[in-house]
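Inside the fold
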Amino acid sequence: MSERRIPGRAGELLAQLGERAVLHDLYDEVGSAVYHDMAGRDQHEVRELLGLVRRTPGPVLDLAAGSGRLTLPLLAMGREVTALDLSRSMLALLRERLAQAPAPLAERCTVVQGDMSDFSLHRRFPVIVLGTTSVSLLDQAGRARLFASVRAHLEPGGRFLLTTVDADPGYTGPPEIEQTYTTSGGTDYRIFDHWVPGDAVRTVTIFPAHPADGPTAVCTSNVGVLPVGQLRDELAHAGFTVHSQQQLPAVSPRLTDVLLETESCA
Ligand SMILES: C[S@@+](CC[C@H](N)C(=O)[O-])C[C@H]1O[C@@H](n2cnc3c(N)ncnc32)[C@H](O)[C@@H]1O
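**Considerations on the overall build of the protein**
Across its full length, the protein carries eight helices and twelve strands. Rg of the C-alpha trace for the protein: 19 Å, near the compact-globule value of 18 Å for 266 residues, within the 12% margin. Principal-axis analysis of the C-alpha atoms places the extent of the protein at approximately 55 × 45 × 30 Å. Per-residue burial over the protein gives 53% buried out of 266 residues.

Rendered as structure tokens:
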């Protein structure tokens, strides 16, 4: 990947690794496997999103579906699901999971490689889901295009369900928070989340906790901080009405995920 400046302690660790460090985007071929290893089966927001999906029968479009963390539970509900993602390697992981799933479930899934800010599927859906705060991977212009694409694919009366990450503007703790994570397979990772209050972007960087000798993959992603008030304004401007807003269980001392249930106005 092109060189990115990694701030804080993560940047120092990267410098210490020197030429051994190989920097990857979190959703490229190497990063996808790390993301999936860490988050692929995480249950965060699944119950709340499925609770809203259940109210509207019919096929579901799962945007930024990744390796299927939400796609698989949606299929398990008996829905037909179209899973769209930009990353071929994330979709390869989804296809692997589908290949291992019972055929009647896997057959209800259509996998599409595409950009959520510019897609054309030539059909409409009663429910479109954009979970895991992935709306914040787009800048404001990208979000405007996303909302236009969603409107063009939503059935009248259908629901667009999305989550965003709201950061506490009054946070006075250190700009970088380190967490460790052990996967079910026993791999330990160190995760650095760097954010200066007021900044529009956080930098998340993931290191193996016990790097072996030789090249060491370090994965990073820039994630926008999109306060729910700003997102609601942008949605209103794009022609959406917000029906409900619910706060999800806290993921960190300074970040709160929020789930919005919206409908496209006529
Ligand atoms: C945080 S992951 C979420 C994946 C999955 N929904 C989950 O819950 O694990 C974000 C996903 O967004 C995808 N992505 C990033 N930019 C995208 C874009 N412009 N269009 C479609 N997908 C995109 C990435 O490839 C990645 O799979």
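**Considering the packing of helix H7 (residues 140–153) against helix H8 (residues 228–237)**
Relative orientation of the contacting elements H7 and H8 amounts to 50°, with a least axis distance of 10 Å. Considering their axes alone, H7 and H8 lie oblique with respect to each other. H7 and H8 meet at a crossing whose hand is right-handed. Contacts between H7 and H8 pair Gln140, Arg143 and Phe147 from the former with Gln230, Leu231, Glu234 and Leu235 from the latter. Class assignment for the residues of the contact of H7 with H8 results in three nonpolar, two polar and two charged.

**Overview of the pattern of salt bridges**
Going through the model one piece at a time under the given rule, you end up with twelve salt bridges. One salt bridge connects Arg47 with Glu48, and the closest N-O pair in it is separated by 3.4 Å. Under the relative-accessibility criterion, Arg47 is labelled exposed at 66%. Note that Glu80 and Arg123 form a salt bridge whose closest N and O atoms lie 2.9 Å from each other.

**Re H8**
All of the buried residues in H8 are Val228, Leu231, Glu234 and Leu235. Axial view of H8: buried residues confined to an arc of 120°, hence all on one face. Facing away from the buried surface of H8 by more than 90 degrees, the exposed residues are Asp233, Ala236 and His237. Where H8 is buried, its residues meet H7, strand E6 (154–167), strand E11 (240–247) and strand E12 (255–264). Downstream of H8 by a residue or two, Gly239 has a phi angle that is positive, lying close to 95°.

**Concerning the pairing of strand E10 (residues 216–224)**
Burial runs high along E10: seven of the nine residues are buried. In terms of strand pairing, strand E9 (residues 201–208) meets E10 through six bridges, oriented antiparallel. Across the sheet, the residue bridging to Thr205 is Thr220, located in E10.

**Here's the deal with the packing of aromatic side chains**
Summed over all chains, the structure comprises five aromatic pairs. For the ring pair Phe147 and Phe240, a centre distance of 6.1 Å and an interplane angle of 65° mean the geometry is edge-to-face. Of this pair, Phe147 sits in helix H7 while Phe240 sits in strand E11, and the two are 93 residues apart along the sequence. Comparing Phe147 with Phe240 shows no difference in burial state: the two are buried. Ring geometry for Phe192 against Phe207: centres 5.6 Å apart, planes inclined by 80°, an arrangement best described as edge-to-face.

**Notes on helix H1 (residues 8–17)**
Every buried residue of H1 is accounted for by Ala10, Gly11, Leu13, Leu14 and Leu17. What you see down the axis of H1 is that its buried residues fit within an arc of 160°, all on one side. Exposed side of H1, more than 90 degrees from the buried face: Ala15 and Gln16 are the residues found there. On its buried face, H1 is in contact with strand E1 (21–25), strand E7 (176–182), strand E8 (188–194), E9 and E10. Once H1 ends, the next one or two residues include Gly18, with phi positive near 55°.

**Digging into the sheet that holds E1**
Spatially, the five strands line up as an open sheet ordered E1-E10-E9-E8-E7, and their pairing is mixed. The sheet terminates laterally at E1 and E7, the two strands that pair on one side only. Strand-to-strand twist in this sheet, taken as the mean axis angle between neighbours without regard to direction, amounts to 25°. Of the strand pairs in this sheet, E8 and E9 are connected by six bridges, and their pairing is antiparallel. For His194, the partnering residue across the bridge sits in E9 and is Thr203.

**Looking at the environment of Leu13**
Take Leu13: it is sitting in helix H1. Residue classification places Leu13 among the buried residues on the basis of a relative accessible area of 10%. Along the sequence, Leu13 and Leu255 sit 242 residues apart, while their C-alpha atoms lie 24 Å from each other.

How each quantity is defined
Residues numbered from 1 in each chain as written. Predicted model: local features only at pLDDT ≥ 70, side-chain atom pairs only at ≥ 80, totals over all residues. Heavy atoms only, no water. Helix = DSSP H or I, 4+ residues; strand = E, 2+ residues; numbered from the N terminus. Rg over C-alpha atoms; globule rule 2.2 N^0.38 Å. Buried < 20%, exposed > 50% of the residue type's maximum accessible area, 1.4 Å probe, protein only. Axes fitted to C-alpha atoms, helices over the stretch in contact; angles between N-to-C directions. Parallel < 35°, antiparallel > 145°, perpendicular 65-115°, else oblique. Left-handed = near helix turned anticlockwise from the far one by under 90°. Contact = heavy atoms within 4.5 Å. Nonpolar A, V, L, I, M, F, W, Y, C, P; charged D, E, K, R; others polar. Salt bridge = Lys/Arg side-chain N within 4 Å of Asp/Glu carboxyl O. Arc of directions from axis to C-beta. Pairing = 2+ DSSP bridges. Phe/Tyr/Trp six-rings, centres within 6.5 Å; stacked < 30°, edge-to-face > 60°.

That's the geometry; what it means functionally is another story.
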